Amino acid sequence: MSSILLVTSSPRGDESLSTKIANEFVDKLKANNAGSTVVSHDLGQNPIAHLDTVTTSAIRKPADQRNAEEAAAAELSDKLVAELLAADTVVLATGLINFNIYSQLKSWIDNVARAGLTFRYTAEGPEGLATGKKVYVVLSAAGIYSEGPAMAMNHAVPYLKTVLGFMGMTDIEVIYVEGTAFGPEAFEKAIASAQERTQQLALAA
């Protein structure tokens with residue numbers, strides 16, 4: 001039985017293409033893998049608070065060294081880490097906003113990138129601990145950022161590959177929903193192309 005972790009981050013609700021494609025993709029993965037379980041977070045509708053002083057201190061300490069306030073503050077981060085480590089497949093969805101990911105998704109990353117849990121420092125350098133996972137990133141964008149002159153402005157994919165790889169997740173596929181601002185025909189073509197890509201990936205999973 002496969003465990004899928006789905007994290008969407010757009011605040012655009014039903015208008016979000018990244019959320020739409022990610023949800024459809026997870027449905028396809030489930031259809032091709034009977035018995036799959038899904039844990040999902042819609043960070044656009046239910047955002048995770050950015051790290052504050054108490055939480056930052058708490059997640060740097062062993063659980064038995066936290067005071068009551070710190071224990072409460074670290075509870076969500078501990079839960080999110082456990083979900084990530086338990087997942088076989090991770091699907092992350094974001095729009096490209098100001099050339100990077102939504103801050104809601106960044107907050108999730110800040111909560112799961114935990115020294116001693118999802119990575120550790122060794123004498124040979126850092127080592128990722130959240131290994132053995134397939135990661136799919138669904139990225140929607142008004143322009144074309146997967147190739148061409150605007151590719152250099154796409155900081156989302158390099159950042160995600162870097163931070164996920166740091167935690168041990170190096171098997172990453174990116175699904176683009178792009179060029180949506182270039183008229184109705186381009187909009188529909190972007191959706192169809194992403195849906196075709198997710199169908200291929202689901203069959204290959």
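Computed from a prediction, not measured in an experiment: that's the story for all the values here. (Residues numbered from 1 in each chain as written. Predicted model: local features only at pLDDT ≥ 70, side-chain atom pairs only at ≥ 80, totals over all residues. Heavy atoms only, no water.)

A. Up close: the overall build of the protein. Within the protein, the secondary structure is distributed over six helices and seven strands. Its helices and strands taken in sequence order, the protein reads β-α-β-α-α-β-α-β-β-β-α-β-α from the N to the C terminus. In terms of overall dimensions, the protein is globule-like: its C-alpha atoms have a radius of gyration of 18 Å, near the 17 Å expected for 205 residues. Taking the principal axes of the C-alpha coordinates as reference, the protein spans close to 60 × 40 × 35 Å. Relative to its full complement of 205 residues, the protein shows a buried share of 45%. Partitioning the intrachain contacts of the protein with sequence separation of at least 6 by distance along the chain shows that 77% fall at a separation of at least 24. (Helix = DSSP H or I, 4+ residues; strand = E, 2+ residues; numbered from the N terminus. Rg over C-alpha atoms; globule rule 2.2 N^0.38 Å. Buried < 20%, exposed > 50% of the residue type's maximum accessible area, 1.4 Å probe, protein only. Contact = heavy atoms within 4.5 Å.)

B. Summary view of the nonpolar core. With 32 residues, the main nonpolar core has L105, W108 and L164 as its most contacted residues. Elements that contribute at least two residues to this core include exactly β1 (3–8), α3 (68–86), β3 (89–95), α4 (103–112), β6 (134–141), α5 (156–166) and β7 (171–178). When residues no more than four places from it in sequence are discounted, the contact partners of L164 are L92, V135, M169 and I172. Of all hydrophobic cores here, the second largest spans 19 residues; its members include I4, V177, A190 and A194. (Core = buried A, V, L, I, M, F, W, Y, C linked by side-chain atoms within 4.5 Å.)

C. View of the environment of D27. Take D27: it is sitting in helix α1 (residues 17–31). A C-alpha to C-alpha distance of 27 Å links D27 and G143, two positions 116 residues apart in sequence.

D. Seen up close, helix α6 (residues 184–204). Over its 21 residues, α6 runs 31 Å from end to end, which matches the ideal 30 Å to within 8%, given 1.5 Å per residue. Of all the residues in α6, the buried ones are A190, I191, A194, T198, L201 and A202. For α6, the buried positions fall inside an angular range of 100 degrees around the axis, keeping them on one side. Among the exposed residues of α6, those oriented more than 90 degrees off its buried face are E185, E188, K189, E196, L203 and A204. (Expected span 1.5 Å × (residues − 1). Arc of directions from axis to C-beta.)

E. Spatial organisation of unusual backbone geometry. Positive phi values are uncommon outside glycine, yet N98 reaches one of about 50 degrees. Residue N98 is classed as exposed on the basis of its relative accessible area of 69%. Notably, F99 is not glycine yet its phi reads approximately 75 degrees, a positive angle. The topology assignment puts F99 in the loop between β3 and α4.

F. A look at the packing of aromatic side chains. Scanning the model with the defined rule gives four aromatic pairs in all. Their ring planes at 80 degrees and their centres at 5.4 Å tell us that F119 and Y121 sit as a pair that is edge-to-face. One aromatic cluster is present, formed by F119, Y121 and F166 through successive ring pairs. (Phe/Tyr/Trp six-rings, centres within 6.5 Å; stacked < 30°, edge-to-face > 60°.)

G. Up close: the pattern of salt bridges. Applying the stated criterion across every chain yields a total of 11 salt bridges. Residue E173 is joined to K134 by a salt bridge in which the shortest nitrogen-to-oxygen separation is 3.5 Å. Taken together, the positions of E173 in strand β7 and K134 in strand β6 put the pair 39 residues apart, joining distant regions of the chain. Sharing partners across several salt bridges, the network here consists of K134, D171, E173 and R197. (Salt bridge = Lys/Arg side-chain N within 4 Å of Asp/Glu carboxyl O.)

H. Fine view of the pairing of strand β2 (residues 37–42). As paired elements, β1 and β2 share six bridges and run parallel to each other. Following the sheet pairing, V7 is matched in β2 by H41. For the crossover that starts at β1, traverses α1 and ends in the parallel β2, the hand is right-handed. (Pairing = 2+ DSSP bridges. Right-handed = clockwise from strand over helix to strand, strands pointing away.)

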